[in-house]
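Chain by chain, the residues:
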2 protein chains.
Amino acid sequence: MTADLRDPVRGDPTLPTGTHGAAGVPAFSPLYLQIKTLLTQGLTQGDWKPGDALPSETELAARFKVSQGTVRKALDAMALDRLLVRRQGKGTFVATHAEQQVQYRFLRLMPDTPPRVAMQRRFLDLKRQRPPVEVARALGLGGAQIVFRLRRLLLALGEPVVLDEIWLPAGLFEGLSVERMSSYAGTMYGLFEAEFGVRMIRAEEKIRAVAADEAQARLLSLPLGAPLLSVERLSMTYADQPVEFRRGLYHTAAHYYRNELS
Amino acid sequence: MTADLRDPVRGDPTLPTGTHGAAGVPAFSPLYLQIKTLLTQGLTQGDWKPGDALPSETELAARFKVSQGTVRKALDAMALDRLLVRRQGKGTFVATHAEQQVQYRFLRLMPDTPPRVAMQRRFLDLKRQRPPVEVARALGLGGAQIVFRLRRLLLALGEPVVLDEIWLPAGLFEGLSVERMSSYAGTMYGLFEAEFGVRMIRAEEKIRAVAADEAQARLLSLPLGAPLLSVERLSMTYADQPVEFRRGLYHTAAHYYRNELS
DNA sequence: TAGTGGTCTAGACCACATC
DNA sequence: ATGTGGTCTAGACCACTAA
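Residues numbered from 1 in each chain as written. Chains lettered and ligands numbered in written order. Predicted model: local features only at pLDDT ≥ 70, side-chain atom pairs only at ≥ 80, totals over all residues. Heavy atoms only, no water.

Caption draft 1: View of the relation of the copies chain B and chain A. Of the transformation superimposing chain B on chain A, the axial component is 0.0 Å and the angular component is 180 degrees, with the fit at an RMSD of 0.0 Å. The superposition of one copy onto the other is thereby described by a two-fold rotation axis. Both copies contact each other with a shared surface, as 100% of the interface residues of chain B are interface residues in chain A too. (Least-squares fit on C-alpha atoms with pLDDT ≥ 70 in both. Contact = heavy atoms within 4.5 Å.)

Caption draft 2: Up close: the pattern of salt bridges. Residue and element names in this part refer to chain A. Under the counting rule described, the total for this entry stands at 36 salt bridges over all chains. Linking Asp-164 and Arg-246 is a salt bridge whose minimum nitrogen-to-oxygen distance equals 3.7 Å. Linking Asp-164 in strand S6 (residues 159–169) with Arg-246 in strand S9 (residues 241–250), this pair joins segments that are 82 residues apart in sequence. Overall, Asp-164 belongs to the buried group, its relative accessible area being 4%. (Salt bridge = Lys/Arg side-chain N within 4 Å of Asp/Glu carboxyl O. Helix = DSSP H or I, 4+ residues; strand = E, 2+ residues; numbered from the N terminus. Buried < 20%, exposed > 50% of the residue type's maximum accessible area, 1.4 Å probe, protein only.)

Caption draft 3: The interface of chain B and chain A, seen in detail. Listed as interface residues are 31 residues of chain B and, on the opposing side, 31 residues of chain A. Taking both partners together, chain B and chain A bury about 2,600 Å²; carbon and sulfur atoms supply 51% of that area. Remark: the boundary between chain B and chain A carries four salt bridges. Between Glu-260 of chain A and Arg-202 of chain B there is a salt bridge, and its shortest N-O distance comes to 2.3 Å. Where chain B packs against chain A, one counts 21 residue pairs in polar contact (both at pLDDT 80 or more). Those elements that provide at least two residues to the side of chain B that touches chain A are strand S7 (202–211), strand S8 (227–237) and strand S10 (255–261) of chain B. A per-element tally of the side of chain B that touches chain A places S7 of chain B first, with 10 residues. (Buried area = accessible area lost by both parts, 1.4 Å probe. Polar contact = N/O pair within 3.5 Å; in protein donor to acceptor, adjacent residues only side chain to side chain.)

Caption draft 4: Broad picture of the sheet that holds S7 of chain B. Ordered in space as S3(A)-S10(A)-S7(B)-S8(B)-S9(B)-S6(B)-S5(B)-S4(B), the eight strands form an open sheet in which the pairing is antiparallel. Each edge of the sheet is formed by a strand with only one pairing partner; in this case those strands are strand S3 (109–111) of chain A together with strand S4 (120–129) of chain B. In this sheet, adjacent strand axes meet at a mean angle of 25 degrees when their direction is disregarded. Summarising the sheet, S3 of chain A and strand S10 (residues 255–261) of chain A pair through three bridges and their orientation is antiparallel. By the bridge assignment, Leu-109 of chain A is partnered in S10 of chain A with Tyr-257 of chain A. Relative to the sheet, helix H7 (residues 188–196) of chain B contacts S4, strand S5 (147–156), strand S6 (159–169), S8 and strand S9 (241–250) of chain B, its axis offset from that of S9 of chain B by approximately 160 degrees. (Pairing = 2+ DSSP bridges. Axes fitted to C-alpha atoms, helices over the stretch in contact; angles between N-to-C directions.)

The following block contains the structure:
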């Protein structure tokens, strides 16, 4: 972590740095992006864990042999990506799913009538098995690699609202059990991060309207054929590696999926 | 637009600038945010129209009597908000819905099997009428203010996929007609911006699963009770003023609503 | 009081677009 | 050749936090 970036990466100063590589790919990236990459690698390999403080801007600047402003630009970019959280007067910290403010960062379901009271969880079953083809493909697994399949309900005021089916590569979550999830106070992503070292960075969702089949209707206490929101989510950790696939069925009579467009 | 910001806004330098006002509200904001506010006001009052170039950083810096770096920070923030588009070597431009790259910025419906071919539009009817209460409330109108109510279909490969019901304050869109919409080549928001000076900045959507009623089923060529995605959208122009309410019904057998979480 | 991130400045140089 | 935004530097000072 002490390399001087300019000499090795920016290359011979007699060559114009803006030159493009043979394949039309940029031959270099700005210093602050290189630093962002190095810091992100540090996060990936666990140099700093969620909640930890990073070294101060001045120290990082000395370490990388660049100006403080360049380090700042890298840190600001990472904060925009939600990889870091910056707090004036305190320091720069690795973002975590265990923070009070952003508890349900990835859950967009809102009740029609606030207040937004925390929903109850009820774990239905957890099994180890071969993944279905579409799950294996989404997670980039071979069909022979075992996955966990978890089903759970979320209930609001006692009424079931969400039925989730969650697929996880077994290798990454060895030791997962219903007891362990039940006894964990925070969110599921908080558990993944704290107990398995798997931090979710971003996710993609595909949303559809479907009709409840018999099993789904029974679990959600709804009539057969009731319209449900189907939310397929693929969650990625560092380096965009997919590590969770889930399919949620949302009952949207008294709740809605909130989205913000800009 | 030539005021020196520091004297009037930052106040007597003998007072600490970080002081909070009597109500606990910050008594000042950083220079670059003040400049961002002034520039946004300029956009609101039409000093520059969508597609126009803003003055260069150096000129704005001279105009506001601050350094170029401070202007840059304001412009970068506005670009992040998608109010502006910055192009190296060319200038800084007011963002527009008429750009080739981001045609359907607010339409998140994707086909299961690409390529994403442009959908056909079919306008069903356009009426002037009193708004229903929920529409009046969403748009912040009195019940006596007239609105346009437009219905239209979007079709993919000839099959109806989206049924939209769109509500617009008549005062802002005087002269709107089906002919005018049909003959306009670009998107609806492109038309609003070019012909009525109403530029959509951001929107909030509430998504549910519903069952098609008889009229909806007929228009979408679906059986009664078919599950549909209901997408309620409230669109805002500058200063977060709501100017459009729409309800879309999406048939999601061969399409899905795409969302990105981070 | 010391240390952190946040703002602001001034200047140099680079990359890109246009003439 | 000129003008634009993009990067990088160095230094000053401000605001916030904690000891």
